[in-house]
2 protein chains.
Amino acid sequence: MEKETTIYDIARLLNLSPATVSRALNDHPAINSNTKQLISNKALEMGYRSNTFASNLRRQQTKTIGVIVPRLDSSFMSTVLSGMEKVANEANYNLIISQSLESSRKEMANAKTMFNSRVDGLLVSLAADTDNLEHFSTFFRKGIPMILFDRVMPQKNCTNIVIDNLKAGYEATAHLLGQGCRRIMHVTGSVKRNVYADRLKGYKMALLEHGLPVEDELIRLTDFTRQDGLDVADEIARMPSPPDGLFVASDLCAASCMGGLRKNGFSIPKDIAVVGFNDDPIAQLVEPNLTTIHYPGQEMGEIAAQSLINHLNGLLRISTTNTILLNYELIVRESSRRV
Amino acid sequence: MEKETTIYDIARLLNLSPATVSRALNDHPAINSNTKQLISNKALEMGYRSNTFASNLRRQQTKTIGVIVPRLDSSFMSTVLSGMEKVANEANYNLIISQSLESSRKEMANAKTMFNSRVDGLLVSLAADTDNLEHFSTFFRKGIPMILFDRVMPQKNCTNIVIDNLKAGYEATAHLLGQGCRRIMHVTGSVKRNVYADRLKGYKMALLEHGLPVEDELIRLTDFTRQDGLDVADEIARMPSPPDGLFVASDLCAASCMGGLRKNGFSIPKDIAVVGFNDDPIAQLVEPNLTTIHYPGQEMGEIAAQSLINHLNGLLRISTTNTILLNYELIVRESSRRV
DNA sequence: CTGAAAGCGCTTACAG
DNA sequence: CTGAAAGCGCTTACAG
């Protein structure tokens, strides 16, 4: 194992001071450009690589961003992370990624780990049962910036990055109404989370606007598991007057529900039209293809990471009222096309 | 922003030396247990957090593991990463994750970044078109350990973690034969990759063993895209004597192919029985449910990370011949059940 | 069982 | 435009 070259080695060989070498390597304006050239050539030649730890220790920053997500193994989250990775990479930041597995307790533990890793900033999407942001107070006190994305919560000095879930929920429901549905069921998740609460509100708003009643019987709170989808299908089959439209706030769950409905003899979209949410790959793989809301995961990840990095570089302040809304899109496929 | 407490602060308040505080905090055996107690209480009280950068700089290690995968947004890879994260987290290692997007060029760039980040070790699954491991030679030279998983390549001093893809491919094909199929098509990916080459070998072996010919017309090399699946379905529909069995080395592609086949009037499994690979969630969401090979992603991630960490801690040497084989399982569902 | 001292590799305020 | 010097916060060989 060969020894690492340091700026001292370069300095010695070039009869310069380590200070000058350091400045040149960091493209400091005060250094003569010939000297810079000389130094960077030598550095290359000697296979020099900067020691991040020494630099971080000295600069008192880590060049690391912490990411806490509910789960890693979802198609949506993968695209988000992919976007974050891209941006962070380009800006020479590293990502520390951890998952809360939808548990507030694990989220707290993760926050603690991130704190001890001294991340420069935090990118968080909340677990299903998180009630408040108390466990992030250590970050707020230290002035470490945090951005919430997708599953957010209003918080002073904390940018929220979301789509307009209310409007999306409204559009999904309105679409079903436009296809002639008059009795629409909505399957959603924990209403502690903005994403589900807002979609539900949008659903209700669409119904009311069309003079239809909001019936508790037609609203199901689930965990979006495969089994939940099947259960909902069975329930529907047992109902005296089953719904003719179904809006599920998750594609995966919508897909399993469609399977269950078919087993129960329902024809989709004839008997019951279905709309999902997220535009996961699954939407185009089930039969009939699933109508859904396209959710810009990659973009959301990129924007979240970029905003945080801009803030860290002083290029953008994360202020009190800062909410970034991304565009979504209703994508109509066969599962809901009736007219 | 309050100042960070350091071991000097603790030492001063306790009238001890920083050396003793450092040792106590690291649970050094030579330190009196009362002193340890005293120090750790004080540290807690003062909200002390160890500075990893100073420690890493001094110890000349980074406590960081680099991970390079073909893509982040696959269901299989998510579970692998989830397993790695779990193990790394417990062992106080951080993960730097990057994706090659199936490109050998990007994989080289990633390797370079990892090298400059001075990762303690590397966990890699190869891109589709990678021909050799030259771009990792800097790591080999420096003695930085590397473990290959899933898409591997034989390499001195490099553990490979895989399932027996040949046997799995054989079983998938033998299962179709057992269901009465006599003309089986195989859709696979880049045969540069062991996973696809081996499954193909298994497929051929099963055919030969049953006295059936291996026909080039029945072997398709694809990228496993949705479109590839549809194209294969269309090709099948145009064949004078279409296959009665289909083994696709990817669930996602198998699913889109099933959709295409149905559009072309094929009934599954009656006209054509289908087997996929990986046991992605999609397998249980398509109709009919997809027979597939269950692939232990989470476990693979855990074992890869654990092996690397054990090696770094000197608990296990990654030796020349080290290949870890994980168990897989053929899961029979409706897409292939004919008897 | 505890301490003094050196050093890991950088960066930067200060001086010239 | 360049340098000398201090310091970031830890760890550890050596000494006692």
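Here the structure is a predicted model, which is why all the values come from computation and not from measurement. (Residues numbered from 1 in each chain as written. Chains lettered and ligands numbered in written order. Predicted model: local features only at pLDDT ≥ 70, side-chain atom pairs only at ≥ 80, totals over all residues. Heavy atoms only, no water.)

### Overview of the state of the cysteines
All names here are of chain A. For the record, the criterion: Disulfides are defined as pairs of cysteine sulfur atoms found within 2.5 Å of each other. Partly exposed residues are those whose accessible area sits between 20% and 50% of the maximum for their type, while under 20% is buried and over 50% is exposed, using a 1.4 Å probe and protein chains only.
Tallying each qualifying case throughout the model produces 0 disulfides over all chains. There is no disulfide at Cys 181, and the cysteine sulfur nearest it, in Cys 257, is 14 Å away. Judged by its relative accessible area of 0%, Cys 181 is buried.

### What about the sheet that holds strand β6 (residues 184-188) of chain A?
All names here are of chain A. Here is the rule we go by: For two strands to be treated as a pair, DSSP must find no fewer than two bridges joining them. The helix and strand labels rest on DSSP assignments: H or I over at least four residues marks a helix, E over at least two residues marks a strand, and numbering proceeds from the N terminus. Every axis corresponds to a line fitted to the C-alpha atoms, with the helix fit spanning only the stretch in contact, and the corresponding angles, defined between N-to-C directions, vary from 0 to 180 degrees. Working rule for contacts: check all heavy atoms of both residues, and any pair within 4.5 Å makes them a contact.
The strand order across the open sheet formed by 4 strands is β7-β6-β8-β9, and the pairing between neighbours is parallel. Of all strands in the sheet, those bounded by a partner on one side alone are β7 (219-221) and β9 (273-275). Strand-to-strand, the axes of this sheet are offset by a mean angle of 15°, without reference to chain direction. Across 3 bridges, β6 lies against β7 in parallel orientation. Considered in β7, the bridge of Val 187 is made with Arg 220. Running at roughly 155° to β6, helix α10 (residues 226-238) makes contact with β6, β7 and β8 (245-248) of the sheet. Along the sheet, helix α11 (residues 251-263) makes contact with β6, β8 and β9, crossing β8 at roughly 150°.

### Some points on the packing of aromatic side chains
Inclusion rule: For Phe, Tyr and Trp, rings pair up if their centres lie within 6.5 Å, where Trp contributes its six-membered ring, and each pair is then called stacked (planes under 30 degrees apart), edge-to-face (over 60) or tilted (otherwise). Remark: a charge is flagged as sitting over a ring if the NZ atom of Lys or the CZ atom of Arg is within 6 Å of the ring centre and within 35 degrees of the ring normal.
For the structure shown, the criterion picks out 13 aromatic pairs over all chains. Ring plane angle 65° and centroid distance 4.8 Å describe the contact between Phe76(B) and Tyr295(B), whose orientation is recorded as edge-to-face. Here Phe76(B), found in helix α5 (residues 75-90), pairs with Tyr295(B), found in the loop between β10 (292-294) and α12 (297-312); they are 219 residues apart in sequence, far enough to count as distant. Of the residues examined, Phe76(B) reaches a relative accessible area of 9% and is grouped as buried. An aromatic cluster is built from Phe76(A), Phe247(A), Phe277(A) and Tyr295(A), whose rings are joined through pairwise contacts. Residue placement shows Arg49(B) over the ring face of Phe115(A); its charged tip is 4.0 Å from the ring centre. Stacked on the ring of Phe277(B), the Lys or Arg Arg199(B) has its end atom at 3.6 Å from the ring centre.

### Side note on the protein's contact with DNA strand C
Applicable threshold: For this purpose, a residue is taken to be near a molecule or strand whenever a single non-hydrogen atom of the residue falls within 4 Å of it. N or O atoms within 3.5 Å of each other form a polar contact, as long as, within protein, one can give a hydrogen and the other can take it, and as long as residues adjacent in sequence are counted only when both atoms are side-chain atoms. Gly is placed with the polar residues, together with every amino acid not listed as nonpolar (Ala, Val, Leu, Ile, Met, Phe, Trp, Tyr, Cys and Pro) or charged (Asp, Glu, Lys and Arg).
In the neighbourhood of DNA strand C, 27 residues make up the surrounding shell, with Ser22(A), Arg23(A), Arg58(A), Thr20(B) and Arg23(B) lying closest. The sugar-phosphate backbone supplies 60% of the atoms of DNA strand C found within 4 Å of the protein. Within the contact set of DNA strand C, a phosphate oxygen lies 3.1 Å away from a backbone nitrogen or oxygen of Ile7(A). Measuring from a base nitrogen of DNA strand C, one finds a side-chain N or O atom of Arg23(A) at 2.4 Å. Of all the secondary structure elements, the ones that give two or more residues to the surface near DNA strand C are α1 (7-14), α2 (18-25) and α4 (52-59) of chain A together with α2 (18-25) and α4 (52-59) of chain B. When residues in the surface near DNA strand C are grouped by element, the largest group, 4 residues, is from α4(A). By residue class, the composition of the surface near DNA strand C is 10 nonpolar, 11 polar and 6 charged.

### Observations concerning the protein's contact with DNA strand D
Neighbouring DNA strand D are 26 residues; Thr20(A), Arg23(A), Ser22(B), Arg23(B) and Arg58(B) lie closest to it. Taking the atoms of DNA strand D that fall within 4 Å of the protein, sugar and phosphate contribute 61% of them. Between Tyr8(B) and DNA strand D, the recorded distance is 2.8 Å, taken from a side-chain N or O atom to a base nitrogen. The contact in question runs from a phosphate oxygen of DNA strand D to an N or O atom on the side chain of Asn26(B), over 3.2 Å. Of all elements in the fold, only α2 and α4 of chain A together with α1 (7-14), α2 and α4 of chain B reach the threshold of two or more residues within the surface near DNA strand D. Class assignment for the residues of the surface near DNA strand D results in 10 nonpolar, 11 polar and 5 charged.

### Here we look at empty space enclosed by the protein
Rules: Within this scheme a cavity is a closed region of a 1 Å grid, computed over the protein atoms alone, that accommodates a 1.4 Å probe without allowing it to escape, whereas a pocket is open but has protein on both sides within 12 Å along at least five of seven lines; lining residues each have an atom within 4 Å of a point. Grid points are joined across faces, edges and corners, and a volume is the space filled by probe spheres set on the points.
In the structure shown here, the tally under the stated rule is 2 cavities of 30 Å³ or more. Taken as a whole, the largest cavity holds about 120 Å³ of empty space. In terms of lining residues, the largest cavity is bounded by Glu85(A), Ala88(A), Asn89(A), Tyr93(A), Asn94(A), Leu95(A), Ile96(B), Ile97(B), Ser98(B), Asn110(B), Thr113(B) and Met114(B). Among the elements of the structure, α5 (75-90) and β2 (94-99) of chain A together with β2 (94-99) and α6 (104-116) of chain B are those that each provide at least two residues to the lining of the largest cavity. Residue composition of the lining of the largest cavity, grouped by class: 6 nonpolar, 5 polar and 1 charged. Considering only enclosed or pocket space, the second largest cavity measures out at about 70 Å³ in volume. Lining the second largest cavity we find Leu72(A), Ser78(A), Leu81(A), Ile97(A), Leu72(B), Ser78(B), Leu81(B) and Ile97(B). Those elements that place two or more of their residues in the lining of the second largest cavity are α5 of chain A together with α5 of chain B. Grouping the constituent residues of the lining of the second largest cavity by class yields 6 nonpolar, 2 polar and no charged.

### Quick notes on the sheet that holds strand β7 (residues 219-221) of chain B
Residue and element names in this part refer to chain B. Pairing in this open sheet of 4 strands is parallel, and the strands run β7-β6-β8-β9 from one edge to the other. Each edge of the sheet is formed by a strand with only one pairing partner; in this case those strands are β7 and β9 (273-275). Across the sheet, the mean angle from the axis of one strand to that of its neighbour is 15°, orientation sign disregarded. Sheet strands in contact with helix α9 (residues 194-209) are β6 (184-188), β7 and β8 (245-248), and its direction is about 170° off that of β6.

### Quick notes on the relation of the copies chain A and chain B
Applicable threshold: The least-squares superposition of copies is restricted to C-alpha atoms, and to residues with a pLDDT of at least 70 in both copies.
Each copy of the sequence occupies a distinct position, and chain A is placed on chain B by a rotation of 180° and an axial shift of 0.1 Å, giving an RMSD of 0.1 Å. The superposition operator between the copies reduces to a two-fold rotation axis. Most of the interface of chain A is mirrored in chain B: 96% of its interface residues are interface residues there too.

### Some details on the UniProt feature "domain: HTH lacI-type" (unreviewed entry) in chain A
Applied cut-off: UniProt positions are given in the numbering used here, feature names are shortened, and annotations may be inferred rather than shown by experiment.
Mapped onto the present numbering, the UniProt feature "domain: HTH lacI-type" (unreviewed entry) falls at residues 5-59 of chain A. With 67% helix and 0% strand, the stretch residues 5-59 of chain A has end C-alpha atoms that lie 21 Å from each other.

### Quick look at the domain arrangement of chain A
All names here are of chain A. Worth spelling out the cut-off: Domain start and end points were adopted from an automatic or database domain assignment. Salt bridges are defined by distance alone: a side-chain nitrogen of Lys or Arg within 4 Å of a carboxyl oxygen of Asp or Glu.
Annotation of chain A at the domain level lists domain 1 (7-50), domain 2 (63-162 + 297-326) and domain 3 (165-295 + 330-336). On a C-alpha basis, the centroid separation for the pair domain 2 and domain 3 is 29 Å. The tally of links from domain 2 across to domain 3 stands at 1 salt bridge. As a salt-bridge pair, Lys 192 and Asp 131 come within 2.9 Å of each other at their nearest N and O atoms. Summed over the shared surface of domain 2 and domain 3, the result is 11 residue pairs in polar contact (both at pLDDT 80 or more). For the side of domain 2 that touches domain 3, the secondary structure elements donating two or more residues are α5 and α12 (297-312). Taken together, the residues of the side of domain 2 that touches domain 3 break down into 8 nonpolar, 3 polar and 4 charged.

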